[in-house]
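Here is what each chain is made of, one letter per residue.
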Amino acid sequence: MRRSDMSELELLMDVDPAEAVALARRISAEIPGDADVWGWLADACVANGQFDDALAALAEYLRRDPDWVEAYAQRASLLAELGRFDAAVIELEVGRSLDSESPRLVQSEAMCLELQGKLKEADALYDRAEQLDSAVEAPPRFDRGKARQAIQGVLRQVAKSGLKLNAVIEEVPKRATSKKLLSRQLELQDERTLVVYLRNLERELTGDAEIEDLAELFEDRLAELVDAN
């Protein structure tokens, strides 16, 4: 796969993920035997919210390179994203048979546990993944009182524009069968009630993040939610 194609895909995933998917599909049709292109297609599909298509692309990758442990880790995370935890466990088991000390695999297992409400077990695995590889950082954990204050502070500023919301803070979504659990960070339940899934926000931040970073991320996600509605 050409470096120029990789650079273009990387850029498009940030600015136009739908076009990134289209480009990756064109490249995969041209060089279907290249395993890497299927990995890029999977990443583009994730960026565009096409999780089932990403799973299919990763399956194509593994047909060509069945020993790439990170593909199993990514498939497990995506299956957890879709609430398909039993299937995620199978991916984790296959990955562990190849490399039980893979930090990405341990991180994916942590995500699966977290979304099932097993928060202490999840945090222990996040810490273990970071111990195995410092680049795989455990999500920061903010004091819940300070996190609530930061979120309410943003909402007070937003209220000046006429949008008045009351925030309900939850750790993770409770409905494990709903789609996009990992990326579901905010949810409008009615015109005034906003549910904030705090761990899903924290997962986007690095370990050295401050409470101001959480507030800024929340503000960005709130703007996206309002625009979508």
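In the block above lies the structure referred to throughout.
Each residue is numbered by its place in its chain's sequence as written, counting from 1. Totals for whole chains, interfaces and linings use every residue, but because this is a predicted model, local features are given only for residues with pLDDT of at least 70 and side-chain atom pairs only at 80 or more, for both listing and counting. Hydrogens and water are ignored here; the side-chain numbers use all heavy atoms of the structure.

1. Describing the layout of surface pockets
In step 1: Lining residues are those with an atom within 4 Å of a point, where the points come from a 1 Å grid over the protein atoms alone and group into cavities, where a 1.4 Å probe fits but cannot get out, or pockets, open sets with protein on both sides within 12 Å along at least five of seven lines. Grid points are joined across faces, edges and corners, and a volume is the space filled by probe spheres set on the points. Empty space within the largest pocket amounts to approximately 1400 Å³.
In step 2: Taken together, 40 residues form the lining of the largest pocket, with Val46, Glu81, Leu182, Ser183 and Glu204 sitting closest to its centre.
In step 3: Note on residue categories: nonpolar means Ala, Val, Leu, Ile, Met, Phe, Trp, Tyr, Cys or Pro, charged means Asp, Glu, Lys or Arg, and polar means any other residue, Gly included. Of the residues that constitute the lining of the largest pocket, the class distribution is 17 nonpolar, eleven polar and twelve charged.
In step 4: If you go around the second largest pocket, the residues you meet are Met13, Asp14, Asp43, Val46, Ala47 and Gln74.
In step 5: Strands are runs of DSSP state E lasting at least two residues, helices are runs of H or I lasting at least four, and both sets are numbered from the N terminus onward. For the lining of the second largest pocket, the elements supplying multiple residues, two or more each, are helix H1 (3–15) and helix H3 (35–47).
In step 6: Looking at the lining of the second largest pocket, the element that brings in the most residues is H3, giving three residues.
In step 7: When the residues that make up the lining of the second largest pocket are grouped by side-chain class, the tally is three nonpolar, one polar and two charged.

2. Observations concerning the packing of helix H7 (residues 103–115) against helix H8 (residues 119–132)
Axes are the key here: two packed helices are described by the angle between their axes and the distance separating the axes.
In step 1: All axes are obtained by fitting lines to C-alpha atoms, using only the stretch in contact for helices, and the reported angles, taken between N-to-C directions, cover 0 to 180 degrees. One way to put it is that H7 packs onto H8 with a least axis distance of 8 Å and a crossing angle of 165 degrees. One way to sum up the angle between H7 and H8 is to call them roughly antiparallel. H8 is crossed by H7, and the crossing has left-handed handedness. Taken together, the residues of H8 that come into contact with H7 (itself represented by Pro103, Val106, Gln107, Glu109, Ala110, Met111, Leu113 and Glu114) are Leu119, Glu121, Ala122, Leu125, Tyr126, Arg128, Ala129 and Leu132.
In step 2: In terms of residue class, the contact of H7 with H8 is made up of eleven nonpolar, one polar and four charged. In what follows, roughly perpendicular refers to angles from 65 to 115 degrees, roughly parallel to angles under 35, roughly antiparallel to angles over 145, and oblique to any angle outside these ranges. For a crossing to be left-handed, the near helix must be turned anticlockwise from the far one by less than a right angle; the clockwise case is right-handed. Residues are treated as being in contact if the distance between any of their heavy atoms lies within 4.5 Å.

3. Description of the sheet that holds strand S3 (residues 193–197)
In step 1: Taken together, the three strands give an open sheet; going across it, the order is S1-S3-S2, and neighbouring strands pair in mixed fashion. The outermost strands of the open sheet, each flanked by one partner alone, are strand S1 (166–170) and strand S2 (186–188). In this sheet, neighbouring strand axes are inclined to one another by 25 degrees on average, regardless of whether the strands run parallel or antiparallel.
In step 2: Strands are treated as partners if at least two bridges between them are detected by DSSP. Inspection of the sheet shows S1 paired to S3 by five bridges, in the parallel sense. For Asn166, the partnering residue across the bridge sits in S3 and is Thr193.

4. Things to note about a negative patch on the surface
In step 1: A surface patch of like charges, here negative, comprises Asp127, Glu130, Glu137, Asp208, Glu210, Glu212, Asp213, Glu216, Glu219 and Asp220.
In step 2: At the level of elements, H8 and helix H11 (211–228) are the ones that each hand at least two residues to the negative patch.
In step 3: By residue number, the principal contributor to the negative patch is H11, which donates five residues.
In step 4: In this structure, Glu137 sits in the loop between H8 and helix H9 (144–159). What goes into a patch is any residue over 30% in relative accessible area without a salt bridge, connected to like charges within 9 Å or, for nonpolar side chains (Val, Leu, Ile, Met, Phe, Trp, Tyr), within 5 Å. Accessible surface is estimated by sampling points in the Shrake-Rupley manner with a 1.4 Å probe; for residues, cover comes only from the protein chains shown. Put simply, a salt bridge is a Lys or Arg side-chain nitrogen that is within 4 Å of an Asp or Glu carboxyl oxygen. Charged residues are defined narrowly, with Lys and Arg counted positive, Asp and Glu counted negative, and His plus the chain ends left uncounted. Charged side chains are reduced to one point each, which is NZ for Lys, CZ for Arg, CG for Asp and CD for Glu.

5. Considering the pattern of salt bridges
In step 1: If you walk through the whole model with that rule in mind, you get 21 salt bridges.
In step 2: Residue Glu109 pairs with Arg96 through a salt bridge whose shortest N-O separation is 3.1 Å. Highlighted residues: Glu109 in helix H7 and Arg96 in helix H6 (residues 85–98), separated in sequence by 13 residues.
In step 3: Accessible area is worked out with a 1.4 Å probe on protein chains only. A residue is then buried under 20% of its type maximum, exposed over 50%, and partly exposed in between. By relative accessible area, which is 22% here, Glu109 ends up partly exposed.
In step 4: For Arg96, a relative accessible area of 32% translates into the label partly exposed.
In step 5: Three or more residues joined by partner-sharing salt bridges are found here, namely Glu114, Asp123, Arg141, Arg144, Glu171, Arg199, Glu202 and Arg203.

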